[in-house]
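# Chain and residue survey
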Amino acid sequence: MAALVAGIASALVALGWHVLSAGGWTVWEWLILACLTVNAPWLALAGATGLVGFAIRMLTPDPLAAVLPVMRQSGWQDAAVEARTVIAVCVRLEDMASVLPPLGRLLEELHAPAAEAGRFRLAILSDTPDGGIALDEAAEVARFAARFPADAVHYRRRSRNSGYKAGNLMDFLDRDADDDFLLLMDADSVLSATTVRRLVRLMQADRRLAVLQPTIRGHGEATRFARCFSLGQRHGMRIWATGQAWWQGPEGAFWGHNALIRIAPFRAHARLPSLPGGEAILSHDHVEAALLHAAGWAVRVLPDDAGSFERHPPDLLACLDRDIRWARGNLQYRHLLRRPDLGRLGRFQMLQAILHYTLTPFWFALLPLAALNAATGGGEGTSRAGLLLLLAAGFLTLNLPKLAGHAEALLNPGPKLPRLSPFLREIGFSVATDAVMAAERTWLILVSAAGQTAGWEQQQRDGRSLRWSTTVQRLRFSLAMGVGSLVLLSYGGLFPVVIASPIWLSLLLGVPIVVWTARPAGKHHGSATGQHREPVPLGGVPDSKP
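No experiment lies behind these values; they were computed from the predicted model shown.

Cut-offs applied
- Residues numbered from 1 in each chain as written.
- Predicted model: local features only at pLDDT ≥ 70, side-chain atom pairs only at ≥ 80, totals over all residues.
- Heavy atoms only, no water.
- Pairing = 2+ DSSP bridges.
- Helix = DSSP H or I, 4+ residues; strand = E, 2+ residues; numbered from the N terminus.
- Axes fitted to C-alpha atoms, helices over the stretch in contact; angles between N-to-C directions.
- Contact = heavy atoms within 4.5 Å.
- Salt bridge = Lys/Arg side-chain N within 4 Å of Asp/Glu carboxyl O.
- Buried < 20%, exposed > 50% of the residue type's maximum accessible area, 1.4 Å probe, protein only.
- Core = buried A, V, L, I, M, F, W, Y, C linked by side-chain atoms within 4.5 Å.

Here we take up the sheet that holds strand S3 (residues 153-157). Spatial strand order, S3-S2-S1-S4-S8-S6-S9: seven strands in an open sheet with mixed pairing. A single partner strand is all that each edge strand has here, and the edge strands are S3 and strand S9 (298-302). This sheet shows a mean twist of 20° between the axes of neighbouring strands, independent of strand direction. Both strand S1 (residues 85-91) and strand S4 (residues 181-185) contribute to a ladder of five bridges, which runs parallel. Bridged to Val 86 within S4 is Leu 182. Contacting S1, strand S2 (120-126) and S3, helix H5 (residues 132-145) crosses the sheet at an angle of about 170° to S3.

Structure below.
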């Protein structure tokens, strides 16, 4: 895998050198090459993971078993569910009228076989602060619990949310969990009973497995943004997770929800360290996985999203808000990279999480640097065909997991044209929104470097009508970069304006794109899977294959 990544990265840099060196060098071209070189390993890792994932899914008879060895064992599918599993849901200031119904259906389905009725219980772990909302929450949970046998539903609320979600969970494990496994869910998580039983059976069969993390798809896609975002994320994640599960093996990723956890090793080894100054770790999942890796326990990904769901942001501004929280948590990892009590691959995963944000300014800088080069007369000797090839290579490498996922779906049996249209719309959507995301993420990193920090606020999950004035104010950096780049590019003639148009045009049109995609998507609640359109109502899930 390392050789494949190195080969792709070297090829990108070599192509960049060949294209930019024609006609001599300008200072802007040296800076462009430097930014490309800094990003090349990350681009190559995305491309290599996509290639491996696509090859596994297309060339192996059982892609899941190829990356999850326990699935090659005979008889695990028919094993009795013997382990006791607590379904733990962490909530804080949530709308319990939305949270509880899918949990009730899941618990009812899990209790339906009489032999398994005592194997599953539900724990609602609240960090809602004192006040009327907490009283209403407790009353709603009490009414909900009355539908089930005694001890089937446990409710606990902390008055202080020390340690945030990770502290909430570990407090529960220390005080109230004598179960074997824990199924960790977020307030917007939905899982099918079939999927839960499959996860339990797999963990029963592999006694060195501490965390089993299935992939997750979106549900409740009520807006145009959520629908396109979910389609791209689903197909890209399927390929990415397959390739990543292959090269990471038992030191895989943990995403903090929709995952089954073996309680004993997690309680013993996954306690979070303190950061300098006593600050709590926000993005806990990578750290917990690294601690388990170091202790010799396996953390594995099941690259199958059947029956595993979450809510995606309803609009790009909500996605940016989520990015602020994630960036703040990921950047904390810089304090942990040298700790010997964390597994090496786990630390590499944390480095990846840091670079996901810190490399963005170097990637986005290619636009203003190219514009400055064009405005000052640089690039006159650059081959236009070579430049187009370099741009295409960068786009393909970065987006290869998602493009391979779309290709896999198109290659499935059935009519092709009805599937192609949503895929093309998604690609166009992602080009436009990725440009805005890159600009705003660059601004976020610059603001963070200046010492300003963001909060960890409640997520926006429901669709809303965005005001034009609010959106303009929020995207002012993107707009400024779009206008400035277009002005500079125009000094270089028509060709640089045209070749960079997907980026500067997306920045200029960012406000109407954001407002328009935040609107309701229509009556259809599914997404093109490449096999069929599967309706997924907000309160429930279709059954998954065992």
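Picking up where we left off.
Strands pair in a sheet through their backbones, by hydrogen bonds, and they do so in one of two ways: parallel or antiparallel. Here we have three strands laid out as an open sheet, ordered S5-S10-S7, and mixed in their pairing. Edge positions in the sheet fall to strand S5 (190-191) and strand S7 (217-218), since each has one partner strand and no second. As paired strands, S5 and strand S10 (residues 308-310) are joined by two bridges and run antiparallel to one another. The residue of S10 that forms the bridge with Val 190 is Phe 309.

Close approach of charged atoms lets side chains of opposite charge pair. As enumerated under the stated definition, the model contains 22 salt bridges in all. In this structure, Arg 158 engages Asp 127 in a salt bridge whose closest nitrogen and oxygen atoms are separated by 2.7 Å. One end of the pair, Arg 158, is in the loop between S3 and helix H6 (164-175); the other, Asp 127, is in the loop between S2 and H5, and 31 residues separate them in sequence. Note on Arg 158: relative accessible area 9%, which makes it buried. In this structure Asp 127 comes out as buried when scored by relative accessible area, which is 5%. Between Asp 171 and Arg 156 there is a salt bridge, with its nearest N and O atoms 3.4 Å apart. One end of the pair, Asp 171, is in helix H6; the other, Arg 156, is in strand S3, and 15 residues separate them in sequence.

By size, the foremost hydrophobic cluster in this structure holds 42 residues, and its most contacted members are Met 71 and Leu 122. With seven residues, the single largest contributor to this core is helix H4 (residues 96-111). Dropping the residues within four chain positions of it, Met 71 is found in contact with Leu 64, Ala 65, Trp 76, Leu 202 and Leu 302. In terms of nonpolar packing, the next biggest core, distinct from the first, is built from 30 residues, Ala 374, Phe 429, Val 436 and Leu 489 among them.

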